[in-house]
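# Report on the structure
The chain contents come next:
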Amino acid sequence: MEKILNIIGSEAAKAFDECGYEEKYGMVSVSNRPDLCEYQCNGAMAAAKAYKKAPIAIAEDVTEKLKDRAIFETVEAVKPGFINMKLSMEFLTRYMNEMLEQKDLGCEKASQARTILIDYGGPNVAKPLHVGHLRSAIIGESIKRMGRFLGHKVIGDVHLGDWGLQMGLIITELKKRQPELVYFDENYQGEYPKEAPFTISELEEIYPVASAYSKEHPEYKEEAMEATYQLQHGKRGYQALWNHILEISVNDLKKNYEKLNVEFDLWKKESDAQPYIPEMVEDMKKGGYAYFSDGALVVDVKEDGDTKEIPPCMILKSDGASLYNTTDLATIVERMKLFEPDEIIYVVDKRQELYFQQVFRCARKTKLVKEDTSLRFLGFGTMNGRDGKPFKTRAGGVMRLEHLIQEINDEMYEKIIQNKMTQNHEVNPKEARETAEIVGLSAIKYGDLSNQASKDYVFDVERFTSFAGNTGPYILYTIVRIKSILNNYKQQGGNAKTCRAKLFDGTNESVRSLLLETVRFHGVIENAFADIAPHKICSYIYDLANAFNHFYHETKVLDEEDLEKKESYLALLVLTKKILECCIDVLGFHAPEKM
Ligand code: ARG
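This text gives an overview of the structure that appears in the document. Just so it is clear, the model here is predicted, and its values are computed rather than measured.

### Here we look at the site of the ligand
Neighbouring the ligand are the residues D119, G122, N124, H133, H159, Y324, D328, Y346, V348, Q352 and F356. The side chain of Y324 places a nitrogen or oxygen atom 2.7 Å from a nitrogen atom of the ligand. Here the ligand loses 85% of its free accessible area of 350 Å² to cover by the protein chains. Considered class by class, the residues forming the shell around the ligand number four nonpolar, five polar and two charged.

Spelled out as structure tokens, the structure:
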């Protein structure tokens, strides 16, 4: 379906043209003074300069033409030259019925589908998932879903961190604890055991211990670095251990991400990019891009017009070892080769922004990507606790994701039980647990996504789990409320799915506001994706849910005696529900049947 703004815009463009002005002045936007009008066109002001006429005269000319068009109820020229528009009920009704008829609410798919690879999640093997990885997973998943909804081919890659010092640390600590393991036997030639010599809990205990110990003991760190080097250069026993670590970690990660309703198409790892490094480095040298500076191989990436110093991108250290940079660049080579993406989006902590700026510039300069391949960095802010400091456990440690989810679910469970009790409903603890999980996820995800990604935000369990205000549970509550009305209607023998709006009472402001919110849907999704900004979808559904609850407060639906009116209201309910459900699906959560 054509977007509402485009329909109004082309009417306005036509009117400008008929009056002898260029069509381009017919740009329309949603009014920023909803008390005065619904949509507005400010083109007369710009046209005034070009045609050397008073803006109000132009606005009046154009308004005269627009007045009689069926889509408008009123059109007014207002000093100094605004054109204020209010849509006709008839047009709005027709538009909403069409949304109900069409697949995906009539959302048009991209005319040119792009291949977009999203690099998100970014957990590190053998280190427990912590809240920092939560944001990347939640935001990335939502962008992936938006892109797919709009018809793009989107590939999500978890890009596991499996190539760093953490591997050497774990190997070193294991060797210290169990030197007799066959993996450490230099003379061993046979096959290594299929079973890992540790469980995931042991693994997760090992890493922090090793990491802390290495900070105090340089010789231990030295050993870990050596082990990392040996691993990276193919030492058999270490590689066998690394495979165990990987397998156990990945299984555990998959479980965790599943709980978050986050799903990756690719489980690629930093190590997968390593084979691409030698040729990439050779090409960078041959192309004259890379040169040695203090023994290290670097590529200059500063550009004219930089306001701050952008240091060179380091490709190889002086001992020939590769770095995080090298891996990321080689990963770009790999991705271009395997998927030929039109765009790669990185959803990573915003503290890595400068780093990615270097990587992107280097990739472009050394021609790892095509000229029109877009590389985008979506940096997110820190998730803070109520004290304004990075989120920690009560004991002050790094909060593990699992525990955080548990905490939210428990809080949600309490609220659901309380809510039921105050409403004199029966409580089924098992059901309440299941509902708490669904609603809990909405609390976490909406709490995150409703903030502009780049901003830091306060993770406030109390606020996020509230049924009132700008929260996930409030949105779900609204959906559940509509479901229950529709169920009652069904019990009366009706079928709301086939209801279509006939005509609404044009003077009913709460109906009007709700209708106006529903028809904005397509524009909001498109705009949110263009700006990779899930928070725009959140703020839209918050407005929509508010408009619905206000309407429902003012209107009797099932008790309405006028059948045409009643069915019109029901159609509006179905549409509101569909939009909310579609939007939360794009955000990555869903609604329960009851709550
Ligand atoms: N593993 C990294 C971290 O924990 C994040 C990876 C981000 N993606 C990338 N292509 N560098 O910081």
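### Here we look at the packing of helix α4 (residues 89-101) against helix α20 (residues 563-587)
Relative orientation of the contacting elements α4 and α20 amounts to 55°, with a least axis distance of 10 Å. In terms of orientation, α4 lies oblique with respect to α20. Every pair of crossing elements has a handedness; the one defined by α4 and α20 is left-handed. Where α4 approaches α20, its residues M96, M99 and L100 are matched on the opposing element by A571, L572, V574, L575, K578 and I579. Here the contact of α4 with α20 is composed, by residue class, of eight nonpolar, no polar and one charged.

### Overview of α4
Counted at 1.5 Å a residue, the expected span for α4 with its 13 residues is 18 Å, and the 18 Å between its end C-alpha atoms agrees. Among the residues making up α4, those that are buried are M89, F91, L92, T93, Y95, M96, N97, M99 and L100. Each element contacted by the buried residues of α4 is listed here: α1 (4-18), β3 (72-78), β4 (82-87), α17 (509-519), α18 (521-530) and α20.

### Looking at the pairing of strand β5 (residues 115-119)
Burial analysis of β5 places five of its five residues in the buried class, the great majority of the element. Burial along β5 is two-sided: T115, L117 and D119 facing one way and I116 and I118 facing the other are all buried. Looking at chain direction, β5 and strand β6 (residues 153-157) are connected through five bridges and run parallel. From the neighbouring strand, T115 faces β6, where its bridge partner is K153.

### Digging into unusual backbone geometry
The residue after K79, namely P80, is reached through a cis peptide bond having omega 0°. Structurally, the position occupied by P80 is in the loop between β3 and β4. You will see that K52, though not glycine, has its phi angle at about 50°, which is positive. Locating K52 in the fold gives a position in the loop between α2 (43-51) and α3 (55-66). Positive phi, normally seen in glycine, also occurs at D294, with a value near 50°. Tracing the sequence through the fold places D294 in the loop between β7 (290-293) and β8 (296-299).

### Here we look at the layout of surface pockets
Space inside the second largest pocket adds up to approximately 630 Å³. Among the secondary structure elements, those contributing two or more residues to the lining of the second largest pocket are α13 (401-422), α14 (429-449) and α16 (472-491). The greatest single-element share of the lining of the second largest pocket, amounting to six residues, is contributed by α16. The residue inventory of the lining of the second largest pocket, partitioned by class, reads six nonpolar, seven polar and eight charged.

### Observations regarding the sheet that holds strand β2 (residues 39-41)
Across a sheet, strands are paired by hydrogen bonds formed along the backbone, either parallel or antiparallel in direction. In spatial order, the strands read β1-β2-β4-β3; together these four strands make up an open sheet with antiparallel pairing. Looking at the sheet topology across the chains shown, the edges are occupied by β1 (28-30) and β3. This sheet shows a mean twist of 25° between the axes of neighbouring strands, independent of strand direction. Sheet topology note: the β1/β2 ladder contains three bridges and is antiparallel. Bridge pairing in β2 links V28 to C41.

### Re the pairing of β4
Strand residues, when the strand is regular, have side chains that alternate between the two faces of the sheet. The pairing of β2 with β4 spans three bridges and is antiparallel. Opposite Y39, over in β4, you have M85 as the bridge partner. Taken together, β3 and the strand that follows it, β4, pair antiparallel across an intervening segment of three residues.

### Comments concerning the environment of E11
Structurally, E11 can be placed in helix α1. For E11 and M27, which are 16 residues apart along the polypeptide, the C-alpha to C-alpha distance reads 9.9 Å. Once you skip the residues sitting within four places of it in the chain, E11 turns out to touch L66, R69, I71 and F72. Engagement of the side chain of E11 in a polar contact is seen with the side chain of R69, the distance being 3.1 Å.

### Considerations on the sheet that holds strand β9 (residues 313-316)
Pairing is antiparallel in the open sheet, where three strands are placed in the order β7-β8-β9. On the outer flanks of this sheet lie β7 and β9, each paired with one strand and no other. Averaged over all neighbouring strand pairs, the angle between strand axes comes to 45°, with direction disregarded. With three bridges joining them, β8 and β9 adopt antiparallel strand pairing. Note that in β9 the partner of V298 across the bridge is M314.

### Section: the nonpolar core
Within the largest apolar cluster, 165 residues are counted, with the highest numbers of intra-cluster contacts made by F459 and F521. The biggest single contributor to this core is α20, with 14 residues. For F459, the residues in contact, after removing those within four places along its chain, are M383, N384, R386, F391, L404, I408, I444 and F464. If you look at the next biggest cluster of nonpolar residues, it comprises 34 residues, including I155, V281, Y355 and F356.

### Examining the packing of aromatic side chains
Taken as a whole, this structure holds 30 aromatic pairs when the rule is applied. Ring geometry for Y120 and F264: centres 4.6 Å apart, planes at 40°, overall tilted. Of this pair, Y120 sits in the loop between β5 and α5 (131-149) while F264 sits in the loop between α9 (236-259) and α10 (277-286), placing them 144 residues apart in sequence. Residue classification places F264 among the buried positions, given a relative accessible area of 8%. Ring geometry for Y474 against Y542: centres 5.8 Å apart, planes inclined by 75°, an arrangement best described as edge-to-face.

Thresholds applied
Residue numbers restart at each chain and count upward from 1, following the sequence in its written direction. With pLDDT at 70 or above as the cut-off, local features in this predicted model cover only qualifying residues; side-chain atom pairs require 80 or more to be listed or tallied, and sums for whole chains, interfaces and linings still use all residues. Each side-chain value is derived from all of the structure's non-hydrogen atoms; neither hydrogens nor water enter the calculation. What makes a residue near a molecule or strand is one non-hydrogen atom of that residue sitting within 4 Å of it. Whenever two N or O atoms come within 3.5 Å, that pair is a polar contact, provided that in protein one can donate a hydrogen and the other can accept it, and provided that, for residues adjacent in sequence, both atoms are side-chain atoms. Note that accessible areas follow from Shrake-Rupley with a 1.4 Å probe, and for residues the cover is restricted to the protein chains shown. Side-chain classes are defined by residue name, with Ala, Val, Leu, Ile, Met, Phe, Trp, Tyr, Cys and Pro counting as nonpolar, Asp, Glu, Lys and Arg as charged, and the others, Gly among them, as polar. Axes here mean lines fitted to C-alpha atoms, for a helix over just the part in contact, with angles spanning 0 to 180 degrees between N-to-C directions. In this text, helices come from DSSP runs of H or I with a minimum length of four residues, and strands from runs of E with a minimum of two, each type numbered from the N-terminal end. Every angle not falling under 35 degrees, over 145, or within 65 to 115 is termed oblique; those three ranges are roughly parallel, roughly antiparallel and roughly perpendicular. Put simply, a crossing is left-handed when the front helix is turned counterclockwise from the back one by less than a right angle, and right-handed when it is turned clockwise. Contacts are assigned to residue pairs that have any heavy atoms within 4.5 Å of one another. One less than the number of residues in a helix, times 1.5 Å, gives the span that helix is expected to have. For every residue, the accessible area (1.4 Å probe, protein chains only) is compared with the maximum for its type, and the residue is labelled buried under 20%, exposed over 50%, or partly exposed between those bounds. Should DSSP find at least two bridges between two strands, the strands are taken to pair. Here a cavity denotes a set of grid points, spaced 1 Å apart and computed over the protein atoms alone, in which a 1.4 Å probe fits but from which it cannot get out, and a pocket denotes an open set meeting protein on both sides within 12 Å along at least five of seven lines; residues with an atom within 4 Å of a point are reported as lining. Grid points are joined across faces, edges and corners, and a volume is the space filled by probe spheres set on the points. Think of a nonpolar core as a cluster: buried Ala, Val, Leu, Ile, Met, Phe, Trp, Tyr and Cys residues, connected wherever their side-chain atoms sit within 4.5 Å. Any two rings among Phe, Tyr and Trp, with Trp reduced to its six-membered ring, count as a pair given centres within 6.5 Å; such a pair is stacked if its planes are under 30 degrees apart, edge-to-face if over 60, and tilted if neither.

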